[in-house]
Number of protein chains: 2
Amino acid sequence: MDQSNPKSQMCPKYEAAISILGKRWTGLIIRVLLGGPVRFKDVREIVPQMSDKMLSERLKELEEEGIIERKVYPETPVRIEYQLTQKGTDLRPVIESIEEWSHKWM
Amino acid sequence: MDQSNPKSQMCPKYEAAISILGKRWTGLIIRVLLGGPVRFKDVREIVPQMSDKMLSERLKELEEEGIIERKVYPETPVRIEYQLTQKGTDLRPVIESIEEWSHKWM
């Protein structure tokens, strides 16, 4: 990597970001969460063709990335909600610009 | 796919877009081209670790996607430049929002 050239430094961070956003369903899960906190089943209803296992994996990955957080409310029955962190909320212009471009051009 | 739910329709187009943007070097090549038409060697200089073969492949893919166009100027020696189409130029907010987010959070 040529550190003297600022353009060449775009790569690793850009590619790290895109590798998160590029995983199947991730964009859609973030899209849903941009609407506010949701429960597991709320996401499942919006994307019925995604398996529980797949959704669990994606949510776990996004939690590990610090993009979403899992909140447990000690009610009966216990209520678990997923919501975006600030890092996740900041993805709004990314998701929206990709959506806008893809709807215009794809 | 649940066609009755507008959110679930985000998927195919978003994912088609992200599959283009997610390829290694593609974001950087578009970034460089956002600065104006360039010759093959200009891109090579900015990303010296990318092989000629890889760059040729990426440029060909982007041309096939209608994101860039290859212009041949019949000079001596012949001059070949790559430039963004309107579809490609419209990627500016996408690339910029990913860059901004990744520099803040990655």
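Structure: above.
Residue indices begin from 1 for each chain and proceed along its sequence in written order. All chains are assigned letters beginning with A, and all ligands numbers beginning with 1, in the order in which they are written. In view of the model being predicted, local features appear only for residues whose pLDDT reaches at least 70, and side-chain atom pairs are presented and counted only at 80 or more, with totals across whole chains, interfaces and linings using the full set of residues. For side-chain calculations, the full set of non-hydrogen atoms in the structure is used, while hydrogens and water are omitted.

### Some points on the overall build of chain A
Item 1. In DSSP terms, a helix is any run of H or I states spanning at least four residues, a strand is any run of E spanning at least two, and both are numbered starting from the N terminus. Regarding its fold elements, chain A presents six helices and two strands.
Item 2. Written out in order from the N terminus, the α and β elements of chain A read α-α-α-α-β-β-α-α.
Item 3. Accessibility here uses a 1.4 Å probe with only protein chains present; expressed as a share of the type maximum, an area under 20% marks a residue as buried, one over 50% as exposed, and anything in between as partly exposed. When each of the 106 residues of chain A is scored for burial, the buried share is 44%.
Item 4. Methods summary: accessible areas were calculated by the Shrake-Rupley approach with a probe of 1.4 Å, and residue burial reflects only the protein chains presented. For chain A, the computed accessible surface area is about 5500 Å², with 51% contributed by carbon and sulfur atoms.

### Observations concerning the relation of the copies chain A and chain B
Item 1. Copies are brought into register by a least-squares superposition over C-alpha atoms of residues with pLDDT of at least 70 in both. Expressed as a screw transformation, the operator carrying chain A onto chain B has a rotation angle of 180 degrees and an axial translation of 0.0 Å, and the superposed copies differ by an RMSD of 0.0 Å. Here the two chains are linked by the operation of a two-fold rotation axis.
Item 2. Of the interface residues in chain A, 100% have counterparts in chain B that sit at the interface too, so the contact is made through matching surfaces. Note on contacts: a residue pair is in contact if any heavy atoms of the two residues lie within 4.5 Å.

### Notes on the interface of chain A and chain B
Often, the extent of an interface is quoted as the loss of accessible area on bringing the components together.
Item 1. With 42 residues of chain A in contact, the opposing surface of chain B contributes 42 residues.
Item 2. Buried area is calculated as the accessible area (1.4 Å probe) missing from two parts once they are joined, with the contributions of both summed. Buried area between chain A and chain B, summed over both chains or domains, comes out near 4100 Å², and the portion from carbon and sulfur atoms is 70%.
Item 3. Salt bridges are identified by distance alone: a Lys or Arg side-chain nitrogen within 4 Å of an Asp or Glu carboxyl oxygen. Inspection of the chain A/chain B interface yields four salt bridges.
Item 4. Between Arg-24 of chain B and Glu-15 of chain A there is a salt bridge, with the nearest N and O atoms lying 2.6 Å from each other.
Item 5. Think of a polar contact as two N or O atoms within 3.5 Å of one another; within protein, one of them needs to be a possible hydrogen donor and the other a possible acceptor, and neighboring residues in sequence only count if both atoms come from side chains. Between the two partners, chain A and chain B, sit 13 residue pairs in polar contact (both at pLDDT 80 or more).
Item 6. Of all elements in the fold, only helix H1 (10-21), helix H2 (26-33), helix H5 (86-89) and helix H6 (92-105) of chain A reach the threshold of two or more residues within the side of chain A that touches chain B.
Item 7. For the side of chain A that touches chain B, the leading source of residues is H6 of chain A, giving eleven residues.
Item 8. Following the grouping adopted for this structure description, the nonpolar residues are Ala, Val, Leu, Ile, Met, Phe, Trp, Tyr, Cys and Pro, the charged ones are Asp, Glu, Lys and Arg, and the polar ones are all others, Gly among them. Among the residues forming the side of chain A that touches chain B, the class breakdown is 23 nonpolar, nine polar and ten charged.

### A look at the side chain of Ser-97 of chain B
Item 1. Residue position: Ser-97 of chain B is located in helix H6 (residues 92-105).
Item 2. Within the local environment of Ser-97 of chain B, its side chain forms a polar contact with the backbone oxygen of Pro-93 of chain B, the two atoms lying 2.9 Å apart.

### A closer look at the side chain of Ser-102 of chain B
Item 1. Inspection of the secondary structure assignment puts Ser-102 of chain B in helix H6.
Item 2. Polar contacts involving the side chain of Ser-102 of chain B include one to the main-chain carbonyl oxygen of Glu-99 of chain B, which spans 3.1 Å.
Item 3. Residue contacts for Ser-102 of chain B: discarding those within four places in its chain leaves Lys-13, Tyr-14 and Ala-17 of chain A.

Scope: geometric values only; no functional claims are made or implied.
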